[in-house]
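What the coordinates show
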Amino acid sequence: DRSGEYESRTRDLLHAMHVFPGILKSGELLSVEMDKDVLSQHPVVEIVNSVGCKVSTIRLHQQITTIDTPVVAGLYIGYIKADGRILKRFKIILK
């Protein structure tokens, strides 16, 4: 069953990516860490504000990447995407 293979692969990808910390001060750096399997898919991180406007897109080229966060405090949603799919969704809280 191919759907089982897809679900297993997706679950493995989720464990292969880490974003930290989730709560920051405005302007601090966010770290994104992933293994080589995910990196080989040429992922990007998109950060969206609370009203749904994209505020940044960052192409990931290294296993550990630091990203400048927005300067305006608030709640943001981040997405790690590759091949037109969302691999991981995460919250960013800026104080």
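Our subject is the structure that appears above.
Residues numbered from 1 in each chain as written. Predicted model: local features only at pLDDT ≥ 70, side-chain atom pairs only at ≥ 80, totals over all residues. Heavy atoms only, no water.

As for the sheet that holds strand E2 (residues 23-24)
- One open sheet holds the five strands; their spatial order is E2-E8-E7-E4-E5, and the pairing between them is mixed. Only two strands of the sheet have a single neighbouring strand rather than two, namely E2 and strand E5 (54-59).
- Pairing geometry for strand E4 (residues 44-48) and strand E7 (residues 74-82), over five bridges, is antiparallel. Within E7, the position partnered with Val 48 by the bridge is Ile 77. (Pairing = 2+ DSSP bridges. Helix = DSSP H or I, 4+ residues; strand = E, 2+ residues; numbered from the N terminus.)

Topic: the environment of Ile 77
- Inspection of the secondary structure puts Ile 77 in strand E7.
- With residues up to four places along the chain from it excluded, the contact list for Ile 77 reads Glu 46, Ile 47, Val 48, Arg 89, Phe 90 and Lys 91. (Contact = heavy atoms within 4.5 Å.)

Quick notes on unusual backbone geometry
- Each neighbour pair has its own omega, and for Phe 20 with Pro 21 the value is -20 degrees, a cis peptide bond.
- Note that Pro 21 resides in the loop between strand E1 (17-20) and E2.
- Phi at His 42 takes a positive value of approximately 55 degrees, unusual for a residue other than glycine.
- When you line up the elements, His 42 lands in the loop between helix H2 (36-39) and E4.

Remember that the coordinates give geometry; whether it matters functionally is a separate question.
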